[in-house]
Amino acid sequence: MIELEKTYDHSKVEEKIYSQWLESGFFNPDNLPNAETREPFTISLPPPNVTGTLHMGHAFEDTIQDIMIRYERMLGKKALWLPGTDHAPIATESKVAKLIEKEEGKRKTDFSREEFVSKVKEFAQTSHDTIVKQVRSMGASVDWSREAYTFDDKRNLAVRTAFKRMYDQGLIYRGFRVVNWDVKGQTVISDDEVVYVERPAKLYTFRYSKDFPITISTTRPETKVGDTAVAVHPEDDRYKQFVGKEYDAEFCGVPIHIKIIADKTVEKDFGTGALGVTPAHSMTDAEIARRHNLPSKAIINEYGKMTVGDERILNKKTAEARESVVLWLNEQGLMEKEEDIQQNVATAERTGGIIEPLPKTQWFINVNKEFPLPHSELQGIKEGEMVTLKKLMRHVVENGQIKIAPERFEKIYYHWIDGLRDWCISRQLWFGHQIPVWYKGDETYCDINPPKGEGWVQDPDTLDTWFSSGLWTFSTLGWPEQTSDLKTFHPTSLMMPGYEILFFWVARMILMSTYLLGQIPFKQVVLHGIVRDSKGRKFSKSLNNGVDPLDMTSKYGTDALRMALVFGAAPGNDTIFDEQKVKGMKHFANKLWNIARFILSNEDVVRPFMGIKEANKSADYITLAPITDADKEILAKLDEVIKNVTSHMEAFRLHEAAQEIYQFTWHELADIYLEKSKDQLQNKELKDSTLLTLNFSLLTVLKLLHPFIPFITEEIWGKLSQKELLIVANWPK
RNA sequence: GGGCGGUUAGCUCAGCUGGUUAGAGCGCUGCAUUCACAUUGCAGAGGCCACAGGUUCGAAUCCUGUACCGCCCACCA
């Protein structure tokens, strides 16, 4: 007779069980029973940023991946879940800069680069330790022995190697062009990091000067001091007569020279149908200027201040300069109209600052350049075949080597690729992988290691965080070295990120892996949604609606939180976090506990139990007559549940799987069969078969539930004096 | 401007390839407490599955359209 306490107390169990798992070594696939013959199954953990603590979204992500890896481990796979963290330069650097300003009253520029970077590294280390604790407390069965960091030495070598290869093949180049400058973050960012925010704005309609023949409309009159042309549609009869003519004017004290040009991209119906072209401070205008060979005149600097004109605008911020220009236009009688409109303003994803398009020299990855693929294990593309990075990214999804679920995201992915422009990878930050390029006079040197000799200066810029994240699936396995891990575990099997990083990360991993390894990075992507608060809002600092996963786990238990997060969460759909749900799942855990308590309270339980522990199918016991209809029924239902849960797992319908076992456990096994068994246990003839049925049902339910609620199931399993841990038990068939 | 998703019980959501009286959790109502569990059990109320057409023997599920809500993308300044 085995006695359990009346209620399940997660606080006494979770640390103990996690330690048992760690001691067993089974998180490391090399230590699994019969590891040599197992088929590899790999998940790379999307590395959380080392900017602080984890939120409910991370808890959700950890949960669904842990469910999959535990399931695959029980299926007999050589299951590797590789953890790590991301140095996330923009977020981390700005976070530390803020902290220093608050605590020491100093600014980033008061320190040397080395001093500042070491402070950031210190912060990142603390943050890392917190994150590890949190991942651990979620019960994540990650292989800590293989933990990686996007900014450690091994990953740095991978980054330099990748850069060098792309540079040598002409896929990375340095170019001067209009880029997205984040005034607040003081760095360039890529197109994907630009977020458009709709805001009310004024649309001004005016002429440059009294004798200028065309009126133009703009929301940014201050930039007109940098105009070099006015563009109209080629078929606009109003303006045909002026095309090709050139005019001089003085605009708010600044002399300008304007050429009238015709370009198809101009909308006849917007504003006056004439567009003032500012080649230095607008991406679109820069493209028009390139088509028409127009000169470009920079008039705004990195601080968002005007660099031309007199005291009315010089050194003023653009918004202030705008007021001055508007005043001048009105004074001169040049203003025709001021209208209120809604406008999309470009802001930086991380800092929220305004994007000021500026002409600058930066590093880019050319996504359209044709080149021979150095090595290929991809289906449908041969080694040496001419490809572009865009083509590679599209191809592997199109021909099904990589599957994206839910399927609708494949279309979104293609659409993104089709509109993709060269990827700006340099950042004016200190914390990050410094670009492995050195200069001396007119010479440029790119290599994995610095050049020998005196006088070389390394490019001060660092790389976009997604450059190193793009290497994640293989840099974590030892690349560029040809390690046995790389051979065994790459391509990885499954990737489970949020849909919001499909472009940022998933696409970049596909780019890097197909190019550098000639392999897909993963076979299957399952995108999950965002966890929102009970009112459907995103969790955010400004709303102060955050819920700390650790509070939930200590209050209700990790199992309860995991089950609550996965219950009702369909792939790709956002989910609402509700504390009530966690509470309900704590009740479920307690229910399971009491089912076990009842079964184990029978004195004879050990004897029949020992007899069935090796078996895996209910069919094996049905033959053990006498057996009642109730026995048959519960065993038949159990078979069906096994079948259904397995098929849900295979299709990543974790929410369906969870619901199915929940229903069975509570409302079939506990509510119906357990009650009937009470009578049967009184009958000597039926006692043995009843105990067999009870035990078999419990064992099976524990197995089925283990990926979802690993702690309590392992704890009960342990009470059943099993030789092996549940974590490596066989998935029922 | 283009694309995508949502609209199912009071609330939050499932419903996989169309098939018996549409499900869950929470909440609500009534009854039950020494017998695994009150973190409980039993019983129950509650839904023209957004709307309008169509396909089908049969539609919450497929097609067309409409209306709201939300998201993504985009060089209308």
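1. Description of the pattern of salt bridges
It is possible for side chains bearing opposite charge to pair when their charged atoms get close. A full pass over the atoms with the stated rule returns 41 salt bridges. Among the ionic pairs, K108 bridges to E93, the shortest N-O distance being 2.4 Å. One end of the pair, K108, is in the loop between helix 3 (89-104) and helix 4 (113-137); the other, E93, is in helix 3, and 15 residues separate them in sequence. Residue class for K108 comes out partly exposed when judged on its relative accessible area of 23%.

2. Points about the side chain of T628
Relative to the assigned elements, T628 resides in the loop between helix 18 (619-622) and helix 19 (629-650). Assessed through its relative accessible area of 16%, T628 is described here as buried. Setting aside chain neighbours within four positions, we find T628 in contact with Q680 and L686.

3. Topic: the protein's contact with RNA strand B
Taken together, 42 residues lie around RNA strand B, and T284, R597, R653, E656 and W666 are the ones closest in. Backbone atoms, meaning sugar and phosphate, make up 65% of the atoms of RNA strand B lying within 4 Å of the protein. The separation between a base nitrogen of RNA strand B and a polar main-chain atom of E267 is 2.8 Å. Contacts to RNA strand B include W666, whose side-chain N or O atom sits 2.2 Å from a phosphate oxygen. Contributions of two or more residues to the surface near RNA strand B are made by strand 8 (216-218), helix 9 (408-418), helix 16 (579-600) and helix 20 (654-680). The biggest single contributor to the surface near RNA strand B is helix 20, with twelve residues. Tallied by class, residues from the surface near RNA strand B come to twelve nonpolar, 17 polar and 13 charged.

4. Let's talk about the environment of T278
Along the chain, T278 falls in the loop between strand 12 (274-277) and helix 6 (283-292). The sequence separation of T278 and L294 amounts to 16 residues, and the corresponding C-alpha distance is 9.9 Å. When neighbours within four sequence positions are excluded, T278 is seen to be in contact with T223, K224, G226, D227 and D285. A distance of 3.5 Å separates a polar atom in the side chain of T278 from a polar atom in the side chain of K224.

5. Observations regarding the sheet that holds strand 12
With mixed pairing, the four strands of this open sheet are ordered in space as 10-11-9-12. Every interior strand has two partners, whereas the edge strands, strand 10 (246-251) and strand 12, have only one. With direction set aside, neighbouring strand axes in the sheet form an average angle of 30°. Pairing between strand 10 and strand 11 (residues 254-262): six bridges, direction antiparallel. Residue pairing for strand 11: E250 is matched across the bridge by P255. Helix-sheet contacts for helix 6 involve strand 11 and strand 12, and the interaxial angle to strand 12 is about 90°.

6. Some thoughts on the packing of aromatic side chains
The geometry of an aromatic ring pair is captured by the separation of the ring centres together with the interplanar angle, meaning the angle of the planes. Within the structure shown, the criterion is met by 32 aromatic pairs. Aromatic pair F163 and W363: ring centres 5.6 Å apart, planes at 70°, arrangement edge-to-face. Residue F163 is located in helix 5 (residues 153-168), and its partner W363 is located in strand 14 (residues 355-365); the two are separated by 200 residues in the primary sequence. According to the relative accessible area criterion, W363 is buried, its value standing at 2%. With a centroid separation of 5.8 Å and 75° between ring planes, the pair formed by Y208 and F251 is classed as edge-to-face. You can see Y208 sitting in the loop between strand 7 (194-206) and strand 8 and its partner F251 sitting in strand 10, a full 43 residues away along the chain.

7. A closer look at the nonpolar core
Among the nonpolar cores identified, the biggest contains 111 residues, and M68, M563, M649 and F708 are the most heavily contacted of them. Discounting chain neighbours no more than four positions away, the residues touching M563 are M585, F588, A658, Y662, L705, F708 and I709. Core analysis: the next-biggest nonpolar cluster, separate from the first, contains 65 residues, A158, I404, L486 and L517 among them.

8. Re the confidence of the model for chain A
Mean pLDDT over chain A: 92, with 96% of residues reaching 70 or higher. Every residue in residues 606-616 is under pLDDT 50, and counting partners more than four places away or in other chains gives 24 contacts. Model confidence for the complex is summarised by a pTM of 0.95, with the ipTM given as 0.94.

9. Some remarks on the sheet that holds strand 22 (residues 457-458)
An order of 21-20-22 is seen for the three strands of this open sheet, with the pairing classed as antiparallel. Bordering the open sheet on either side are strand 21 (443-446) and strand 22, each of which pairs with just one other strand. In this sheet, strand 21 lies alongside strand 20 (residues 437-440) in antiparallel orientation, the contact comprising four bridges. In the sheet register, K440 faces strand 21, and the bridge partner there is E443.

10. Observations regarding helix 7 (residues 318-332)
For helix 7, with 15 residues, the first-to-last C-alpha span of 21 Å sits near the 21 Å given by 1.5 Å per residue. Lining the buried residues of helix 7 we find strand 7, strand 10, strand 13 (335-348) and strand 14. Backbone geometry just after helix 7 places G333 at a positive phi near 70°.

11. Observations concerning the pairing of strand 9 (residues 229-232)
Side chains A229 and A231 of strand 9 all project onto a buried face; the interleaved residues V230 and V232 project onto the opposite face, where all are buried too. In this structure, strand 9 lies alongside strand 11, joined through four bridges in parallel fashion. Each bridged residue has a counterpart across the sheet, and for A229 the counterpart in strand 11 is K259. Sheet topology note: the strand 9/strand 12 ladder contains four bridges and is antiparallel. Within strand 12, the residue paired with V232 across the bridge is A274.

12. Thoughts on the packing of helix 9 against helix 13 (residues 502-516)
Between helix 9 and helix 13, the shortest axis-to-axis distance is 11 Å and the interhelical angle comes to 80°. Taken as axis vectors, helix 9 and helix 13 run roughly perpendicular relative to one another. Of helix 13, the residues touching helix 9 (which contributes F409, I412, Y413 and W416) are L502, F503, A507, R508 and I510. For the contact of helix 9 with helix 13, the per-class residue count stands at eight nonpolar, no polar and one charged.

13. Re helix 5
Under the 1.5 Å per step criterion, the end-to-end length of helix 5 is 22 Å for 16 residues, consistent within 8% with the ideal 22 Å. Of the positions making up helix 5, those classed as buried are R155, A158, V159, R160, T161, A162, F163 and M166. G170 sits one or two residues past helix 5 and shows a positive phi near 75°.

Thresholds, definitions, all that
Residues numbered from 1 in each chain as written. Chains lettered and ligands numbered in written order. Predicted model: local features only at pLDDT ≥ 70, side-chain atom pairs only at ≥ 80, totals over all residues. Heavy atoms only, no water. Salt bridge = Lys/Arg side-chain N within 4 Å of Asp/Glu carboxyl O. Helix = DSSP H or I, 4+ residues; strand = E, 2+ residues; numbered from the N terminus. Buried < 20%, exposed > 50% of the residue type's maximum accessible area, 1.4 Å probe, protein only. Contact = heavy atoms within 4.5 Å. Near = heavy atom within 4 Å. Polar contact = N/O pair within 3.5 Å; in protein donor to acceptor, adjacent residues only side chain to side chain. Nonpolar A, V, L, I, M, F, W, Y, C, P; charged D, E, K, R; others polar. Pairing = 2+ DSSP bridges. Axes fitted to C-alpha atoms, helices over the stretch in contact; angles between N-to-C directions. Phe/Tyr/Trp six-rings, centres within 6.5 Å; stacked < 30°, edge-to-face > 60°. Core = buried A, V, L, I, M, F, W, Y, C linked by side-chain atoms within 4.5 Å. pLDDT = per-residue confidence, 0-100. Expected span 1.5 Å × (residues − 1). Parallel < 35°, antiparallel > 145°, perpendicular 65-115°, else oblique.

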